[in-house]
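Observations on the model geometry
Residue-level listing of the chains:
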Amino acid sequence: MKLYISEGSPGALKVLAAAEAAGAPVELQWLSQDAHVVPFLVRPQVPALWLGKETILFSANTICKYFFRLSGKEVCDLGQEQSDTANQLFEWEATELEPPLSAAMYLFVVQGKRGEEVLEVMRKPLDYIDLTLTKKGTHYLTGDVESAADVVLWGSLFPLLQDESFLPDELKALRRWFQNMTLKEHCKKAVESIWTLKGLQELKAYLQKHPAPSVTFEKPATNEPKEEEAAQRSVSEEEIAAIAEVWVRGPVGLPKPWRPQQPIVPVEGMKNVLITSALPYVNNVPHLGNIIGCVLSADTFVRYCRLRNWNTLFVCGTDEYGTATETKAMEEGLTPQQICDKYYAIHSQIYQWFNISFDYFGRTTTHHQTKIAQDIFQRLLEHNYLKTETVDQLKCEKCVRFLADRFVEGICPFCNYEEARGDQCDKCGKLINATELKKPVCKVCHGTPVVRSSEHLFLDLPKLEDRLEKWLAVSQTTGDWTPNSRYITRSWIRDGLKPRCITRDLKWGTPVPLEGFRDKVFYVWFDAPIGYLSITANYTDQWEKWWKNPKQVQLYHFMAKDNVPFHSVVFPCSLLGTEENYTLVNHIIATEYLNYEDGKFSKSRGVGVFGDMAKDTGIPADIWRFYLLYVRPESQDSAFSWSDLMLKNNSELLNTLGNFINRAGTFVCKFFGGHVPIMELSQDDKRLLAHVTLELRQYNQLLEKAKIRDALRSILNIARHGNQYLQVNEPWKRIKGNDADKKRAGTVIGVSVNIASLLSVILQPYMPSVSTTIQEQLCVPADYNVLTNDFVCTLPAGHQIGTVTPLFQKLEGEQIENLRKRFGGGQQKASANSGIAEKGAKDLQEIVAKQDNYVQQLKAQKAEKQEIDTAVSRLAELQKQLSLAEGKAKKKK
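Residues numbered from 1 in each chain as written. Predicted model: local features only at pLDDT ≥ 70, side-chain atom pairs only at ≥ 80, totals over all residues. Heavy atoms only, no water.

A closer look at the overall build of the chain
The number of helices and strands found in the chain is 31 helices and 20 strands. Taking all 893 residues of the chain together, the buried fraction comes to 56%. Sequence-distant contacts in the chain: of pairs separated by 6 or more residues, those separated by 24 or more amount to 77%. Element-wise, carbon and sulfur atoms account for 49% of the exposed surface of the chain, whose accessible area totals about 38700 Å². (Helix = DSSP H or I, 4+ residues; strand = E, 2+ residues; numbered from the N terminus. Buried < 20%, exposed > 50% of the residue type's maximum accessible area, 1.4 Å probe, protein only. Contact = heavy atoms within 4.5 Å. Areas by Shrake-Rupley, 256 points an atom, 1.4 Å probe, with all protein chains shown as cover.)

Notes on the packing of helix α24 (residues 683-704) against helix α27 (residues 739-762)
In the contact formed by α24 and α27, the axes pass within 12 Å of each other and the chain directions differ by 5 degrees. One way to sum up the angle between α24 and α27 is to call them roughly parallel. The segment α24 lies against α27, with Asp685, Leu688, Leu689, Val692, Leu696 and Tyr699 engaging Arg744, Thr747, Val751, Ile755, Leu758 and Ile762. Here the residues of the contact of α24 with α27 are counted per class, giving 9 nonpolar, 1 polar and 2 charged. (Axes fitted to C-alpha atoms, helices over the stretch in contact; angles between N-to-C directions. Parallel < 35°, antiparallel > 145°, perpendicular 65-115°, else oblique. Nonpolar A, V, L, I, M, F, W, Y, C, P; charged D, E, K, R; others polar.)

Focus: the sheet that holds strand β12 (residues 438-442)
Taken together, the 3 strands give an open sheet; going across it, the order is β11-β10-β12, and neighbouring strands pair in antiparallel fashion. Because the sheet does not close on itself, it has two edges, and the strands there are β11 (420-421) and β12. Where strand β10 (residues 408-411) lies against β11, 2 bridges are found, and the strand directions are antiparallel. Looking at the pairing, Gly410 lines up with Ala420 of β11. (Pairing = 2+ DSSP bridges.)

Describing unusual backbone geometry
Look at the link from Gln262 to Pro263: it is a cis peptide, with omega at -10 degrees. Residue placement: Pro263 occurs in the loop between α10 (237-249) and β5 (272-277). A positive phi angle, near 65 degrees, is found at Asn416, a position not held by glycine. Unusually for a residue other than glycine, Cys779 sits at a positive phi of about 55 degrees. Relative to the elements of secondary structure, Cys779 occurs in the loop between α28 (768-778) and α29 (813-822).

Some details on the pairing of strand β18 (residues 587-591)
With respect to burial, β18 is a largely interior element, 5 of its 5 residues being buried. Burial along β18 is two-sided: His587, Ile589 and Thr591 facing one way and Ile588 and Ala590 facing the other are all buried. Assessed by its sense of winding, the connection that carries the chain from strand β17 (residues 553-560) through helix α20 (residues 564-576) to β18 is right-handed. (Right-handed = clockwise from strand over helix to strand, strands pointing away.)

Quick word on the nonpolar core
Counting 169 residues, the largest nonpolar core has Ile275, Trp624, Trp642, Tyr699, Leu759 and Tyr766 as the members making the most contacts within it. Element by element, the count of residues in this core is highest for helix α11 (residues 288-307), at 12 residues. Sequence-distant contacts of Ile275, that is, excluding residues within four places in its chain, are made with Ala298, Phe301, Val302, Cys305, Thr312, Leu313, Phe314, Val315, Tyr556 and Phe558. The next biggest cluster of nonpolar side chains, apart from the first, holds 63 residues, and it includes Cys64, Ala148, Leu157 and Val191. (Core = buried A, V, L, I, M, F, W, Y, C linked by side-chain atoms within 4.5 Å.)

Let's talk about the sheet that holds strand β2 (residues 27-30)
If you walk across this open sheet you meet the 4 strands as β2-β1-β3-β4, and the pairing is mixed. Both outer strands of the open sheet, β2 and β4 (55-57), are each paired with one neighbouring strand and no more. Neighbour to neighbour, the strand axes of the sheet diverge by 25 degrees on average, direction disregarded. Looking at chain direction, strand β1 (residues 2-5) and β2 are connected through 4 bridges and run parallel. Its bridge partner lying in β2, Leu3 is registered against Leu28. Here helix α2 (residues 60-71) sits on the sheet and contacts β1, β3 (48-52) and β4; the angle it forms with β3, its principal contact strand, is near 50 degrees.

A look at the packing of helix α23 (residues 642-672) against helix α25 (residues 708-729)
Interaxial distance between α23 and α25 falls to 9 Å at its minimum, and their mutual angle equals 50 degrees. Between α23 and α25, the crossing angle belongs to the class labelled oblique. Seen along the crossing, α23 lies across α25 with a hand that is left-handed. Residues Glu652, Asn655, Thr656, Leu657, Asn659, Phe660, Arg663 and Phe667 of α23 form the contact with α25, whose own contacting residues are Ile715, Leu716, Ala719, Arg720, Gly722, Asn723, Leu726 and Gln727. Across the contact of α23 with α25, the residue classes tally to 7 nonpolar, 6 polar and 3 charged. (Left-handed = near helix turned anticlockwise from the far one by under 90°.)

So, the pairing of β3
In this sheet, β3 lies alongside β1 in antiparallel orientation, the contact comprising 3 bridges. Looking across to β3, one finds that Lys2 is bridged to Trp50. Sheet analysis places β3 next to β4, joined by 3 bridges and oriented antiparallel. Among the inter-strand pairings, Gly52 is bridged to a residue of β4, identified as Thr55.

Some points on the packing of aromatic side chains
Given two aromatic rings, their pairing is described by the distance between the two centres and the angle made by the two planes. This model, assessed by the stated rule, comprises 34 aromatic pairs. Taking 5.9 Å as the distance between ring centres and 90 degrees as the angle between the ring planes, the aromatic pair formed by Tyr304 and Trp310 counts as edge-to-face. A centroid spacing of 5.1 Å and a plane angle of 55 degrees characterise the contact between Phe522 and Phe526, whose relative ring orientation is tilted. You can call Phe526 buried: its relative accessible area is 3%. Among the aromatic residues, those joined into a cluster by ring pairs are Tyr596, Phe601, Phe610, Trp624, Tyr627, Phe640, Trp642 and Phe823. Note that Lys395 overlies the ring of Phe402, its terminal NZ or CZ placed 5.2 Å from the centroid. (Phe/Tyr/Trp six-rings, centres within 6.5 Å; stacked < 30°, edge-to-face > 60°. Lys NZ or Arg CZ within 6 Å of the ring centre and 35° of its normal.)

A word on α10
Taking 1.5 Å per residue, 13 residues should reach 18 Å; α10 reaches 19 Å between its end C-alpha atoms and fits that length. Ile240, Ile243, Ala244, Val246 and Trp247 are the residues of α10 that are buried. The buried residues of α10 all sit within an arc of 160 degrees when viewed along its axis, so they share a single face. In α10, those exposed residues whose orientation departs by more than 90 degrees from the buried face are Glu238 and Val248. In this structure, the buried residues of α10 make contact with α24 and α27. Where α10 ends, the next residue or the one after it, Gly250, has phi of about 80 degrees, a positive value. (Expected span 1.5 Å × (residues − 1). Arc of directions from axis to C-beta.)

Some words on the pattern of salt bridges
Going through the model one piece at a time under the given rule, you end up with 39 salt bridges. Between Lys705 and Asp480 there is a salt bridge; the shortest N-O distance is 3.3 Å. Separated by 225 residues along the polypeptide, Lys705 in the loop between α24 and α25 and Asp480 in the loop between α15 (461-478) and α16 (483-494) bring together distant segments of the chain. For Lys705, a relative accessible area of 45% translates into the label partly exposed. (Salt bridge = Lys/Arg side-chain N within 4 Å of Asp/Glu carboxyl O.)

Details of the side chain of Glu326
Mapped onto the elements, Glu326 comes out in helix α12 (residues 323-332). Take Glu326: its relative accessible area is 7%, and that puts it in the buried class. Aside from chain neighbours lying at most four places away, what touches Glu326 is Arg401, Phe407, Leu506, Lys507 and Trp508.

Looking at the side chain of Glu146
Following the sequence through the fold, Glu146 ends up in the loop between α5 (116-136) and α6 (148-161). No salt bridge forms around the buried Glu146; measuring N to O, its nearest opposite-charge neighbour Lys184 is 4.2 Å away. Only 2.8 Å separates the side chain of Glu146 from the side chain of His186, close enough to count as a polar contact. When residues no more than four places from it in sequence are discounted, the contact partners of Glu146 are Phe68, Tyr140, Val151, Met181, Lys184 and His186. (Lys, Arg positive; Asp, Glu negative; His and termini not counted. Polar contact = N/O pair within 3.5 Å; in protein donor to acceptor, adjacent residues only side chain to side chain.)

Focus: the environment of Leu457
You can see Leu457 is positioned in strand β13 (residues 450-459). If we ignore the near neighbours within four places in the chain, the residues touching Leu457 are Phe377, Lys387, Thr388, Arg500, Cys501, Ile502, Thr503, Val512, Leu514 and Phe517.

So, the environment of Val285
Here Val285 lies in the loop between β5 and α11. In this structure Val285 comes out as buried when scored by relative accessible area, which is 12%. Once the C-alpha coordinates of Val285 and His347 are considered, the two residues, 62 residues apart in sequence, prove to be 7.0 Å apart.

Structure follows, in structure tokens:
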């Protein structure tokens with residue numbers, strides 16, 4: 001690694017201190033401030049860290065984080081809470097500390113000012129740091145262990161606080177922390193290298209080259225914007241004038257929407273974004289928690305990327321192999337392929353109804369899946385990253401096969417529950433190895449299995465650990481990983497990686513292409529993530545342009561937190577071990593869990609709304625999208641609530657968003673014959689445009705980081721600005737006044753309908769159908785569906801709009817209460833108690849008929865004897881159950 005550094009660079013001190021603290025093996029290259037070492041940046045940028053293979057880090061804070069992660073200090077020492085605090089401090093340092101610090105440094109170094117005049121500029125950020133340390137009661141900013149955040153903030157503050165006149169006595173915690181950091185050996189060495197007479201002269205020269213900074217905002221920083229907060233920083237008159245000028249110019253400066261050729265492939269010189277959402281198990285109907293955790297979150301981000309004119313590909317599909325599919329097939333008396341076909345159609349219909357805009361929705365039971373998975377396996381084998389181990393398993397000699405965990409039932413070794421599964425006890429919740437069960441029973445034939453040994457293949461993760469950690473250090477430093485994804489990944493590495501089994505004794509899966517293992521298939525968590533590649537290959541034969549192109553492609557994985565280790569450790573190790581140039585994930589966006597009311601979703605108990613039921617509620621898909629994204633579990637578990645759904649629909653959508661857009665459009669039709677009136681902007685109007693623009697920029701900043709829930713608040717804040725603007729100016733009254741009042745009414749209505757037009761665009765990722773409806777009503781040209789950081793006038797004076805109608809309907813209490821009861825599990829339980837015998841007999845008749853048909857198909861195809869025997873045993877068991885059910889039905893009659 002080469003670290004390019006300049007004595008006069010503001011970031012040099014922190015970067016050198018971090019390198020020393022982490023013991024990073026860097027080669028120092030001292031340069032002038034004007035040295036151009038980052039080829040893709042227009043202006044010179046030092047410090048910069050060259051990692052080889054054209055990878056360069058050029059943010060001082062990012063370099064510091066990289067050093068600490070590379071050394072393993074933060075992986076070992078920081079828990080999730082400390083890691084979250086560190087990330088918030090990095091964001092606070094860049095957005096809240098840097099501007100006043102730059103102003104204070106300019107006053108101190110360039111203008112030679114001291115005392116209260118300089119301290120006043122820094123009072124709030126210094127108070128904030130002191131308060132943070134005081135509340136924690138720890139030696140360091142994130143806890144009891146020094147982190148990169150301590151080095152970064154110390155390095156930023158040292159040029160100012162080394163003069164004790166800027167370190168108030170009353171800020172005792174800050175003073176103690178700063179003095180402690182300054183005495184550390186790595187900080188002392190950095191000061192000796194940088195804080196020289198020449199360094200001070202170069203720092204002054206650096207500051208003199210830039211215009212004098214001004215401090216324009218006052219609010220304390222937080223990583224979680226509150227709902228009622230708009231972008232509340234004060235705006236200078238110059239900024240207001242510049243924003244108004246851009247608005248008046250209209251759409252002339254907007255780029256044309258990017259319409260990629262089909263199939264979509266990476267384009268040189270563009271931002272190429274590849275987005276996946278975790279592959280849903282084919283045999284389950286997804287509930288609302290599954291939908292928000294994966295496909296809906298990903299779809300919202302995908303739609304935003306398209307609005308930003310980024311070249312974007314969105315792929316997903318059903319995960320179809322494994323034990324769960326075999327189990328479901330037996331339950332329903334179908335073949336595994338028939339089960340996959342049936343549920344693939346169900347998944348497709350659900351996602352279509354929710355308006356999920358996949359570029360391709362595929363499946364894993366394909367030729368491409370077999371070919372690519374086997375190729376990755378062969379390369380891992382060639383490079384000696386696989387090993388063989390003997391595993392004890394339960395084998396049913398009657399069914400002639402090893403039993404997967406779900407095919408075994410017995411007495412729990414911990415709590416003696418008699419129907420514990422082979423992987424976990426439903427009563428005490430403890431994890432179980434199937435061989436630990438007392439009195440195990442095969443769920444297929446009810447025979448008693450025996451313990452037998454079986455040879456399996458393991459991915460040798462310990463051999464890949466060093467390569468994984470080096471890659472993680474870069475990916476987590478330069479990419480956007482949610483705090484939970486960072487923490488879960490660190491916990492796996494902290495505990496030490498262990499070899500992981502990648503084969504299973506099943507028939508339904510990708511075959512293992514190795515002698516001695518040909519009767520086995522790949523384990524689903526080795527096989528399933530490869531589905532992203534094979535699904536892309538089914539979409540285009542140019543799939544390698546996405547998946548073997550890390551320099552041009554940014555890869556995002558969306559998932560719930562339980563899937564993180566397989567995407568951050570197992571899958572990357574599988575690809576790293578091939579020693580090919582695969583595209584590895586840059587950003588992992590993981591949610592916490594969405595619960596249902598006060599409990600969990602349960603299909604068997606009829607609790608919660610599942611994807612195939614949502615459309616039967618009479619509530620439009622966009623309302624579901626809005627509410628799920630509003631309560632998206634971004635940083636902690638959240639819950640779906642019927643009463644809250646009603647409240648948010650009636651207040652945020654109906655009264656705030658819908659009310660504003662409807663009034664703006666209606667006033668144009670009622671008072672100006674459907675034509676947008678002439679607008680003559682006052683200073684108040686321009687100030688409103690500035691506030692809307694700041695909210696738009698906040699929306700962009702949040703969505704660029706995939707903070708989907710928080711960005712939704714910016715949309716609602718813009719609608720609130722619009723409603724307040726109408727209420728204050730009362731155009732419905734002014735239109736009846738003199739010419740000046742009528743002119744003022746026209747301006748207010750014209751500006752309002754243009755805000756409505758902007759809302760139609762930024763609402764698109766969240767509520768695509770509502771967005772389309774608004775644009776149809778306002779006749780917004782399709783070419784304006786593109787987002788920049790500027791709010792422009794897209795509906796000029798004279799523009800004719802269409803018929804305006806209400807966008808949302810009120811949800812009534814009685815309607816919601818009925819839905820709460822319907823999905824609360826009570827009805828299902830009552831109906832089950834009243835008609836279980838007759839319904840059970842009828843259902844079993846259908847299943848027996850299907851299973852009998854399946855047996856005949858196997859015999860006709862001359863299938864293997866053990867497959868036929870298993871199917872026949874299953875048929876006999878079903879016929880026995882049918883006889884019992886019919887007997888109960890007769891007694892009931």
